[in-house]
Amino acid sequence: MRVPLFPLPNLVLFPGVVLPLYVFEPRYRTLLADVQASGEPFGIVRILQTSKESDLPFQDRVSRVGTLAHLRHADPHEDGTSTIIIAGGDRFQVQEFHTDHAYLSADVALWPLEAEGDLSPAEAEGAAHATARELLSALLRLNPENTDALRAAAARRTPS
């Protein structure tokens, strides 16, 4: 399956999450027009390194894992920009990038999340705690100035 890609820095779209985006770059205006014409989803992938951080080609600086984004609403503005609402769909793995459009696209293979029903209650609880620890660790790395507040908030939410 080939999908247009909308790489974003510091953002990951999760399946089932609704997200507003502001589309202003010409290449992503083109992507939006193509998506609206086709009715097909596009992919959100995270930019891992900016052009200031690396001389690698753009496709080598983005994640090879992403989420399909389903366009729910587009509000065009007079200046050609748009505000859109998307909903996260299936997770995917990039098989091969393509640079034959103004925007990056890729052949992707869907990578479904494991069904919670496949885990025992104890395994599901353990996985939830591991995920919570990973999220807290990531938040602490991204927001070192708020370490005390984040730890205090996590402690209030931790079940006994």
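Each value, and the rule that gives it
Residues numbered from 1 in each chain as written. Predicted model: local features only at pLDDT ≥ 70, side-chain atom pairs only at ≥ 80, totals over all residues. Heavy atoms only, no water. Helix = DSSP H or I, 4+ residues; strand = E, 2+ residues; numbered from the N terminus. Buried < 20%, exposed > 50% of the residue type's maximum accessible area, 1.4 Å probe, protein only. Areas by Shrake-Rupley, 256 points an atom, 1.4 Å probe, with all protein chains shown as cover. Core = buried A, V, L, I, M, F, W, Y, C linked by side-chain atoms within 4.5 Å. Contact = heavy atoms within 4.5 Å. Expected span 1.5 Å × (residues − 1). Arc of directions from axis to C-beta. Salt bridge = Lys/Arg side-chain N within 4 Å of Asp/Glu carboxyl O. Polar contact = N/O pair within 3.5 Å; in protein donor to acceptor, adjacent residues only side chain to side chain. Pairing = 2+ DSSP bridges.

**Q** Lay out the overall build of the protein in plain terms, naming residues and giving numbers.
**A** When helices and strands are counted, the protein shows three helices and six strands. Taken from the N to the C terminus, the helices and strands of the protein come in the order β-β-α-β-β-β-β-α-α. For the protein, buried positions account for 29% of its 160 residues. Surface accessibility of the protein: about 10400 Å² in total, with carbon and sulfur atoms responsible for 54%.

**Q** Any chance you could break down the nonpolar core for me, citing the residues and the numbers?
**A** Formed by 29 residues in total, the largest nonpolar core has its most connected members in Leu5, Phe6, Phe42, Ile44 and Ile86. Taken together, the elements giving at least two residues each to this core come down to β1 (2-9), β2 (18-23), α1 (26-38), β3 (42-47), β4 (62-76), β5 (82-98) and β6 (105-110). For this core, the element with the highest residue contribution is β5, accounting for five residues. When neighbours within four sequence positions are excluded, Phe6 is seen to be in contact with Val23, Tyr28, Leu31, Phe42, Gly43, Ile44 and Val45.

**Q** Run through α1, naming residues and quoting values.
**A** Over its 13 residues, α1 runs 18 Å from end to end, which matches the ideal 18 Å to within 8%, given 1.5 Å per residue. Looking at α1, one finds that the buried residues are Tyr28, Leu31, Leu32 and Val35. End-on, the buried residues of α1 take up no more than an arc of 100 degrees, which puts them together on one face. Away from its buried face by more than 90 degrees, α1 exposes Pro26 and Ala37. On its buried face, α1 is in contact with β1, β2, β3, β4 and β5. Downstream of α1 by one or two residues, Gly39 has phi in the positive range, about 75 degrees.

**Q** Lay out unusual backbone geometry with the relevant residues and their values.
**A** The backbone of Asn10 sits at a positive phi, close to 55 degrees, despite the residue not being glycine. With respect to the secondary-structure elements, Asn10 resides in the loop between β1 and β2.

**Q** Provide a residue-level description of the pattern of salt bridges, including the pertinent values.
**A** A full pass over the atoms with the stated rule returns two salt bridges. Among the salt bridges present, the one from Asp100 reaches Arg2, with a minimum N-O distance of 2.5 Å. Here Arg2 lies in strand β1 and Asp100 lies in the loop between β5 and β6, a separation of 98 residues in the sequence. We classify Arg2 as partly exposed; its relative accessible area is 42%. Ionic pairing is found between Glu25 and Arg27, a salt bridge with its closest N-O pair at 3.0 Å. Using a relative accessible area of 28% as the deciding quantity, one classes Glu25 as partly exposed. The exposure class assigned to Arg27 is partly exposed, which follows from its relative accessible area of 32%.

**Q** With reference to specific residues and values, describe the environment of His98.
**A** Looking at the element boundaries, His98 is found in strand β5. We classify His98 as buried; its relative accessible area is 15%. Spatially, the C-alpha atoms of His98 and Gln59 are 8.5 Å apart, while their sequence positions differ by 39 residues. At 2.8 Å, the side chain of His98 and the side chain of Asp107 are in polar contact.

**Q** A description of the pairing of β3 should follow, citing residues and the corresponding values.
**A** Burial analysis of β3 places five of its six residues in the buried class, which makes it a mostly covered element. Sheet topology places β1 next to β3; five bridges connect them, and they run parallel. Residue Leu5 lies in a different strand from β3, and its bridge partner there is Gly43. Two strands pair when backbone bridges link them, and β3 and β4 are joined in this way by five bridges, in the antiparallel orientation. Looking across to β4, one finds that Ile47 is bridged to Val62.

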